[in-house]
Amino acid sequence: MALHNGSPTVTVWSDIGCPWASLALHSLRAAARRRDLPLLIDHRAFPLELFNREPTPKFIVDPEVMAIAARLPELGWRLWDGPAHTYPVTTLPALEAVQAAKDPAIGGLRGSDELDDALRRAFYADSKCISVHAVILEIAEQCEHVDAKVLAQALARGSGRAEVYAHWRTAEGPDVQGSPHLFAAGGYAAHNPGATFTWTGSPYEGGLPRLDDYSAAWADELLDTIHRES
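Okay, so let's go over this structure. (Residues numbered from 1 in each chain as written. Predicted model: local features only at pLDDT ≥ 70, side-chain atom pairs only at ≥ 80, totals over all residues. Heavy atoms only, no water.)

### A short note on the layout of surface pockets
There is about 590 Å³ of room inside the largest pocket. In terms of lining residues, the largest pocket is bounded by 23 residues, among which Arg33, Arg110, Asp113, Glu114 and Asp117 are the most central. For the lining of the largest pocket, the secondary-structure elements that each account for two or more residues are α1 (19-35), β3 (40-45) and α5 (108-124). No other element matches α5, which puts seven residues into the lining of the largest pocket. Tallied by class, the residues present in the lining of the largest pocket amount to ten nonpolar, two polar and eleven charged. In this model, the second largest pocket occupies a volume close to 310 Å³. Cys18, Trp20, Leu48, Glu64 and Ser179 are, among the 18 residues lining the second largest pocket, the residues nearest its centre. For the lining of the second largest pocket, the class distribution of residues is nine nonpolar, seven polar and two charged. (1 Å grid on protein atoms, 1.4 Å probe; cavity = no way out; pocket = protein on both sides within 12 Å on 5 of 7 lines; lining within 4 Å. Points joined across faces, edges and corners; volume = space filled by probe spheres on them. Helix = DSSP H or I, 4+ residues; strand = E, 2+ residues; numbered from the N terminus. Nonpolar A, V, L, I, M, F, W, Y, C, P; charged D, E, K, R; others polar.)

### Details of helix α6 (residues 133-141)
Taken together, the buried positions of α6 are Val135, Ile136, Leu137, Ile139 and Ala140. Structurally, α6 contributes buried residues whose contacts are with α4 (92-100), α5 and α7 (148-156). (Buried < 20%, exposed > 50% of the residue type's maximum accessible area, 1.4 Å probe, protein only. Contact = heavy atoms within 4.5 Å.)

Here it is in structure tokens:
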């Protein structure tokens, strides 16, 4: 963890298409807002489709969304209700845009996190196809701290792609266990914090996720830790 412009920074490895990562990020952001504490999130890509060599299957994402949203309706998530042919087949363009937005000329870490949050809401709440360049830019235009025009120019040059692939190679090592994995000051490291869940069987054979418990207390504990260290 480092200070960036005076704000504590948490590094989060995740895939935008991972419901558990989106839950963890919601909890952390919500706790920071509730306590009016400064926080920056440095997003690192954990591109599931590159690890698995296939798109993240809808039949896995849907039951995970259902299990999480049923327990935490305040998320505003719902099952995909867009046309079947518009379901995102890849999250790489969205992950690349989040990385490209870190450029201070586009948004820096604040803008990058704002875009990440908006992309997740667009997917989980609004059934937007975040695989599509035009959709990503439309979402970026709604982000206060993102210069969507400069982002469009950067993406046209391929910005963000090299970073996503570099993150993938790093995440293949032993330190990053999955999506999400959070790192912060004082040696803090947590994979999928707060969630106790299991699959009843292989999702490829009809198994379903069972969310036995979820506590967001970890987010307050993490905020306490990083603000003591800063």
